[in-house]
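Spelled out from the first residue to the last, the chains are:
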Amino acid sequence: MSIKKLKKDVFNDLVAALIDSDQRVVGVKAKGDRFAFGDLESADELRLDYDVTLLPPKKFMLPQMETLLKYEVGGEYKSAGEAPKMTLIGVHPYDLVAINQMDEIFAQDEYDKYYMNRRNNITIIACDVVTPSKNVFAGSMGTATVDKGYDVLLTDMGDSYLAEAATDKGEELLAKAAQADDASPQDIEARSKVWQENKEKLNKHKLNCEPGDIPKLLDKEEVYDHPVWEEKASMCYSCGSCTSVCPTCYCFDVQDDVEWNLKEGKRWRAWDGCVLENFATVTGEHNFRKQRAQRFRHRIFRKGKYVPSKIGGQIACVGCGRCVTACTTDIANPVDIYNRLLEDVKI
Amino acid sequence: MCDCCSSKKDIYLPELATVKKRKLMNGTELYLLIQLDSGEELGHKPGQFVEVSIAGIGECPISISSSPTQKGGFELVVRNAGSVTKAIHKLKVGDKVGIRGPFGEGYHIDQLKNRNLICICGGLGLAPQRSLINYILDNPSDFGTLTVLLGTKCYPQRFFREELAKWAEGDDMTFKETVDEEHDCWTGNVGVVTTLIPKVESHLKDSAVLVCGPPVMYKFVLMALEEYDIPHDDIYVNLERRMKCGVGKCGHCQINGEYVCQSGPVYRYSEIGAMPEAI
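Residues numbered from 1 in each chain as written. Chains lettered and ligands numbered in written order. Predicted model: local features only at pLDDT ≥ 70, side-chain atom pairs only at ≥ 80, totals over all residues. Heavy atoms only, no water.

**Some points on the overall build of chain A**
(1) Moving on: Per the secondary structure count, chain A includes 13 helices and twelve strands.
(2) Moving on: The C-alpha atoms of chain A give a radius of gyration of 21 Å, which matches the 20 Å a tight globule of 347 residues would have.
(3) Moving on: Overall, chain A is about 65 × 60 × 40 Å in size when its C-alpha atoms are taken along their principal axes.
(4) Moving on: A total of 347 residues make up chain A; the buried ones form 57% of that total.
(5) Moving on: A separation threshold of at least 6 residues defines the contact pool for chain A, and within that pool the share at least 24 residues apart is 74%.
(6) Moving on: If you sum the accessible surface of chain A, you get close to 15,000 Å²; carbon and sulfur atoms cover 46% of it. (Helix = DSSP H or I, 4+ residues; strand = E, 2+ residues; numbered from the N terminus. Rg over C-alpha atoms; globule rule 2.2 N^0.38 Å. Buried < 20%, exposed > 50% of the residue type's maximum accessible area, 1.4 Å probe, protein only. Contact = heavy atoms within 4.5 Å. Areas by Shrake-Rupley, 256 points an atom, 1.4 Å probe, with all protein chains shown as cover.)

This is how it looks when you write it as structure tokens:
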């Protein structure tokens, strides 16, 4: 696949042409002094110099709320999934790693066609980070750069972008650019330098071990009942902010709604979070994770051990730092917790 | 829809089924015989569960109570405890429900074959254990001796009474029963289910013990079993969780790294005994 060099105004024209087509085009836009993914109305709105978005792009594959089934009471249930074709512009490497992980999870064992259908209809234009956010630690998690999952990867080179197409969809897209040169060896060298620098720059919280060592750390006997869980969780509001902003959290709740006519209804799923108080409660009000510390620990173990065991050891924390920013009481930072454990536990 | 998805089945789509029989067995437990509208058998293993859908209300996991050896539909026992089960209690014969499943691994029959078995059931825990008990009764040559201990909170809450009477009279199993509270109509054992264990002490050696009941019961039964030095490999527990999706995605039923909806709900005590939050 090819690597092209596009002047920024040429890329802007490409985005403008996409917006003019009948397909949905979503990109990163300013929202006050922060950033969020949203539908682009003009190419000027696109801000590829952003630091981090409020919510991760997972909402386009796993929406906050999604109708699964529709039915008439007493009649058959019908699949109701929607999967609009769209182009998603500006996905950072750490978020793309999270999407790659979720692609594996939703396709394995029992194939979740609602997620996969949405995912397969999205063309992703990823971009390397230009401005590190205040809490990013992708450098520590090995996610400051990414080598798969995108159709096109953009790297900012000042007045132009290096654009690497990784799929046929990506090639087709780049072929529409009015003017694009093949990247020179010097350009590719410069891009490697950006990647190298980003591994250093995107590291506001430094993890004191290799990410691959985290499952081993959590496996140590003394970790499960370590005082850190209670220390941190004693300040936890169980508000669910950390799980809501997390690009790798994918737990969901399922509910039914009946229409006003009481004849038709729908079943939908919505984001849920294992730190919320009643997540593990069964009928009869028995709660299998009643204590905040238990739920707090479960979240960290999911990221560092349980989910990795399903996806070949990849850590389900990509270092975006959103939970660090979102947490009211400043207890959610996974690096703080892992480092605290590493002080006491030898791996 | 994209090509790779159009050929895949929708794992959240229930199939329609019809209520063929219903009977309120006591104040809270409803018996249902359900048949898939496709005419096919459910094809379950003892100990598995289904997700039952009531249109407009929701879906909830219910253990299958009948043995797969029984044809012509499957049986459920549903306690009126939450919004979906309350709606299930209002079902009449001929009404439609949605069914997904069967889910989980259920009892590992291969591990139980040729063994002497002791089933300890508490309250509604009888419902899932019954799928195994009747399976054993229908395949007696595959198993050793069968002992069933049943504890119910109070006399009026006993269910499957006619079947229990047959179990007590027959000579194909040892059946002992107790109720927690004394009652004028009850002349049998009084006390919690653990009080039955010493009565079958001689059966405990070389048996596999299968335990199913409310969360609080496990602690006491397992403590009582400790006294008899039964290897934890030989104790099986049937765990209850809030399975929402049934297919290992939604996260609700997870015990540490274990998805109960996929690998459970029956586990060897040696597998989960050291696992906090399991019991």
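**Quick word on the sheet that holds strand β4 (residues 58-63) of chain B**
Each strand in a sheet pairs with another by means of backbone hydrogen bonds, the pair being arranged parallel or else antiparallel.
Residues and elements named next belong to chain B.
(1) Moving on: Pairing within the open sheet is antiparallel, and its six strands lie in the order β4-β3-β6-β1-β2-β5. Here the strands that pair on one side only, and so sit at the sheet edges, are β4 and β5 (74-79). Mean inter-strand twist for the sheet, computed between neighbouring axes without regard to direction, equals 40 degrees.
(2) Moving on: Two strands pair when backbone bridges link them, and strand β3 (residues 49-54) and strand β6 (residues 96-103) are joined in this way by four bridges, in the antiparallel orientation. Following the sheet pairing, Glu51 is matched in β6 by Arg100. (Pairing = 2+ DSSP bridges. Axes fitted to C-alpha atoms, helices over the stretch in contact; angles between N-to-C directions.)

**Here we look at the interface of chain B and chain A**
(1) Moving on: With 44 residues of chain B in contact, the opposing surface of chain A contributes 49 residues.
(2) Moving on: For the pairing of chain B and chain A, the buried interface totals around 3,900 Å² over both sides, and the portion due to carbon and sulfur atoms is 55%.
(3) Moving on: Per-residue buried area on chain B facing chain A is highest for B:Tyr12, B:Lys249 and B:Glu277; these three make up 18% of the total on that side.
(4) Moving on: Across the pair B:Lys244 and A:Asp253 runs a salt bridge whose closest N-O atoms are separated by 2.8 Å.
(5) Moving on: The interface formed by chain B and chain A contains 28 residue pairs in polar contact (both at pLDDT 80 or more).
(6) Moving on: Elements with a contribution of two residues or more to the side of chain B that touches chain A: α1 (3-6), β3, β4 and β6 of chain B.
(7) Moving on: The greatest single-element share of the side of chain B that touches chain A, amounting to three residues, is contributed by α1(B).
(8) Moving on: Of the residues that constitute the side of chain B that touches chain A, the class distribution is 20 nonpolar, 13 polar and eleven charged. (Buried area = accessible area lost by both parts, 1.4 Å probe. Salt bridge = Lys/Arg side-chain N within 4 Å of Asp/Glu carboxyl O. Polar contact = N/O pair within 3.5 Å; in protein donor to acceptor, adjacent residues only side chain to side chain. Nonpolar A, V, L, I, M, F, W, Y, C, P; charged D, E, K, R; others polar.)

**As for helix α6 (residues 185-201) of chain A**
Residue and element names in this part refer to chain A.
(1) Moving on: Taking 1.5 Å per residue as the helical rise, α6 with its 17 residues ought to reach 24 Å, and the 24 Å between its terminal C-alpha atoms agrees with that figure.
(2) Moving on: Of all the residues in α6, the buried ones are Asp187, Arg191, Val194 and Asn198. In a view along the axis of α6, the buried residues occupy a sector of 50 degrees, so they form one face of it. Facing away from the buried side of α6 by over 90 degrees, the exposed positions are Pro185, Gln186, Glu189, Lys193 and Glu200.
(3) Moving on: Buried residues belonging to α6 abut β1 (3-7), β8 (152-156) and β9 (160-165). (Expected span 1.5 Å × (residues − 1). Arc of directions from axis to C-beta.)

**What to know about a nonpolar patch on the surface**
(1) Moving on: On the surface, a cluster of nonpolar side chains totalling about 260 Å² of accessible area is made up of A:Val73, A:Val258 and A:Leu262.
(2) Moving on: Checked against the element boundaries, A:Val73 lands in the loop between β4 (65-72) and β5 (77-79). (Patch = residues over 30% accessible without salt bridge, like charges linked within 9 Å, V, L, I, M, F, W, Y side chains within 5 Å.)

**Description of the sheet that holds strand β12 (residues 264-271) of chain A**
Residue and element names in this part refer to chain A.
(1) Moving on: One open sheet accounts for four strands, arranged β5-β4-β12-β11; its pairing is antiparallel. Both edges of this open sheet fall to β5 and β11 (252-258), since each of them pairs with a single strand only. When strand polarity is set aside, the average angle formed by the axes of neighbouring strands in this sheet is 25 degrees.
(2) Moving on: Taken together, the three bridges between β4 and β5 define a ladder with antiparallel strand orientation. Counted as the bridge partner of Tyr71 is Tyr77 from β5.

**Focus on the UniProt feature "binding site: [2Fe-2S] cluster" (unreviewed entry) in chain B**
(1) Moving on: Per the UniProt record, "binding site: [2Fe-2S] cluster" (unreviewed entry) is annotated on B:Cys245, B:Cys250, B:Cys253 and B:Cys261. A maximum C-alpha distance of 10.2 Å places the annotated residues, which cover 17 residues in sequence, within one compact spot.
(2) Moving on: Tracing the sequence through the fold places B:Cys250 in the loop between β12 (235-238) and β13 (254-255).
(3) Moving on: Apart from the residues lying within four places of it in its own chain, the contact partners of B:Cys250 are A:Cys251, A:Phe252, A:Phe279, B:Lys244 and B:Cys245.
(4) Moving on: Take B:Cys253: it is sitting in the loop between β12 and β13.
(5) Moving on: Beyond its immediate sequence surroundings of up to four residues, B:Cys253 is in contact with B:Arg241, B:Arg242, B:Met243, B:Glu258, B:Tyr259, B:Val260 and B:Cys261. (UniProt positions renumbered as here; feature names shortened; annotations may be inferred.)

**Here's the deal with the packing of aromatic side chains**
(1) Moving on: Applying the stated criterion across every chain yields a total of 18 aromatic pairs over all chains.
(2) Moving on: Measuring from centroid to centroid gives 6.3 Å for A:Phe37 and A:Phe60, while their planes differ by 80 degrees, and the two rings are edge-to-face. In this pair, A:Phe37 sits in strand β3 (residues 34-39) while A:Phe60 sits in the loop between β3 and β4, placing the two residues 23 residues apart along the sequence. Here the two residues A:Phe37 and A:Phe60 agree in accessibility, since each one is buried.
(3) Moving on: Measuring from ring centre to ring centre gives 5.5 Å for B:Phe159 and B:Phe160, while their planes differ by 50 degrees; the resulting arrangement is tilted. The same class applies to B:Phe159 and to B:Phe160, which are both buried.
(4) Moving on: Each residue in the set A:Tyr224, A:Trp229, A:Phe296, A:Phe301 and A:Tyr306 is aromatic and connected to the rest through ring pairs, giving one cluster.
(5) Moving on: Across the ring face of A:Tyr224, the terminal group of A:Arg297 is positioned such that the distance to the ring centre comes to 3.7 Å.
(6) Moving on: Between B:Arg161 and the ring centre of B:Tyr155, over which it is positioned, the NZ or CZ distance is 5.2 Å. (Phe/Tyr/Trp six-rings, centres within 6.5 Å; stacked < 30°, edge-to-face > 60°. Lys NZ or Arg CZ within 6 Å of the ring centre and 35° of its normal.)

**A word on the domain arrangement of chain B**
Residue and element names in this part refer to chain B.
(1) Moving on: As assigned here, chain B comprises domain 1 (15-103) and domain 2 (109-238).
(2) Moving on: For domain 1 and domain 2, the distance between their C-alpha centroids amounts to 24 Å.
(3) Moving on: Each side of the interface is counted separately: domain 1 has 16 residues, and domain 2 has 16 residues.
(4) Moving on: When domain 1 packs against domain 2, the two sides together hide about 1,400 Å² of surface, and 59% of this comes from carbon and sulfur.
(5) Moving on: When the buried area of domain 1 at its contact with domain 2 is split by residue, Met25, Pro46 and Ser65 rank highest and sum to 31% of it.
(6) Moving on: Linking domain 1 with domain 2 are one salt bridge.
(7) Moving on: The interface formed by domain 1 and domain 2 includes seven residue pairs in polar contact (both at pLDDT 80 or more). (Domains from an automatic or database assignment.)

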